[in-house]
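Chain and residue survey
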Amino acid sequence: MRFFKTIYKNEIVFVINEKIVDDSLAHEIISEISSNKRAGLDMSKVQNINSPILIEYLLNNKIKLFNLQSELIAYFALILKDGFLKTYMNFSDFKDNKRELIKRRFLIA
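Throughout, residues of each chain are indexed from 1 in the direction in which the sequence is written. Local features in this predicted model are restricted to residues of pLDDT 70 or higher, and side-chain atom pairs are both shown and tallied only at a pLDDT of 80 or more, whereas totals for entire chains, interfaces and linings draw on every residue. The basis for every side-chain value is the complete set of non-hydrogen atoms in the structure, without hydrogens or water.

1. Side note on the overall build of the chain
Where helices and strands are cited, they refer to DSSP runs of H or I of at least four residues and of E of at least two residues respectively, numbered from the N terminus. Looking only at helices and strands, the chain features four helices and eight strands. Helices (α) and strands (β) of the chain occur, in sequence order from the N terminus, as β-β-β-α-β-β-α-β-α-β-α-β. Remark: exposure states derive from per-residue accessible area (1.4 Å probe, protein chains only) relative to the maximum for the residue type, with buried under 20%, exposed over 50%, and partly exposed in between. In the chain, which comprises 109 residues, the proportion classed as buried is 36%.

What follows is the structure, encoded as structure tokens:
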């Protein structure tokens, strides 16, 4: 399986088992999302994102991320100019809607 889906009270959590998230995986995940529940992706195993579709869903605040590796956090900070991609440290923070990583700013020297 490329991902596992777990449904909690108000959340749907997808644990991704791939190193690279591409458009085909993004389509599979998006097709499983219910409109009345918050969707979160556990990105602990992901090393690279190669999906403009997933980026668009993130920008529109339809999906939340947690357990990101530092390389992905830096990648998102560089490609998202406004820095408003809201991610969480872990599942507990996602569930309780606290400790978001927002407005990250990186300078390239």
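2. With respect to helix α2 (residues 52–59)
Within α2 the residues assigned to the buried category are Leu54, Ile55 and Leu58. End-on view of α2: buried residues confined to an arc of 100°, all on one side of the axis. Contacts are assigned to residue pairs that have any heavy atoms within 4.5 Å of one another. Its buried side turned inward, α2 meets β3 (20–22), α1 (23–32), β4 (38–42), β5 (48–50), β6 (63–66) and α3 (70–79). Looking one or two residues past α2, asparagine 61 carries a phi angle of roughly 65°, positive in sign. Read the arc as the range of directions from the helix axis to the C-beta atoms.

3. Some thoughts on the confidence of the model for the chain
Scored from 0 to 100, pLDDT records how confident the predictor is in each individual residue. On average, the chain scores 83 in pLDDT, and the residues at 70 or more come to 88%. When mean pLDDT is taken per element in the chain, β3 scores highest with 93 and strand β8 (residues 100–101) scores lowest with 68.

4. Some details on the pattern of salt bridges
In a structure, side chains of opposite charge can pair up when their charged atoms sit close to one another. Criterion for a salt bridge: a side-chain nitrogen of Lys or Arg within 4 Å of a carboxyl oxygen of Asp or Glu. This model, assessed by the stated rule, comprises four salt bridges. With a shortest N-O distance of 3.1 Å, aspartate 22 and arginine 2 are connected by a salt bridge. Of this pair, aspartate 22 sits in strand β3 while arginine 2 sits in the segment before β1 (3–7); the two residues are 20 residues apart in sequence, bridging distant segments of the chain. Linking lysine 5 and glutamate 32 is a salt bridge whose minimum nitrogen-to-oxygen distance equals 3.0 Å. Residue lysine 5 is found in strand β1, and its partner glutamate 32 is found in helix α1; the two are separated by 27 residues along the sequence.

5. Comments concerning the side chain of aspartate 93
For aspartate 93, the position within the fold is in helix α4 (residues 91–96). For aspartate 93, a relative accessible area of 2% corresponds to the buried category.

6. What about the packing of aromatic side chains?
Only rings of Phe, Tyr and Trp enter the pairing, Trp through its six-membered ring, and a pair is recorded when the two centres are within 6.5 Å. The plane angle decides the type: under 30 degrees is stacked, over 60 is edge-to-face, the rest tilted. Within the structure shown, the criterion is met by six aromatic pairs. Ring geometry for phenylalanine 3 against phenylalanine 14: centres 5.6 Å apart, planes inclined by 70°, an arrangement best described as edge-to-face. With phenylalanine 3 in strand β1 and phenylalanine 14 in strand β2 (residues 11–16), this pair connects stretches of sequence that are 11 residues apart. Comparing phenylalanine 3 with phenylalanine 14, the two get one shared label, buried.

7. With respect to the environment of glutamine 69
Structurally, glutamine 69 is set in the loop between β6 and α3. Between the alpha carbons of glutamine 69 and lysine 45 there is a distance of 8.3 Å; along the sequence they are 24 residues apart. Those residues in contact with glutamine 69 that lie beyond four places of it in its chain are Ser44, Lys45, Val46 and Gln47.

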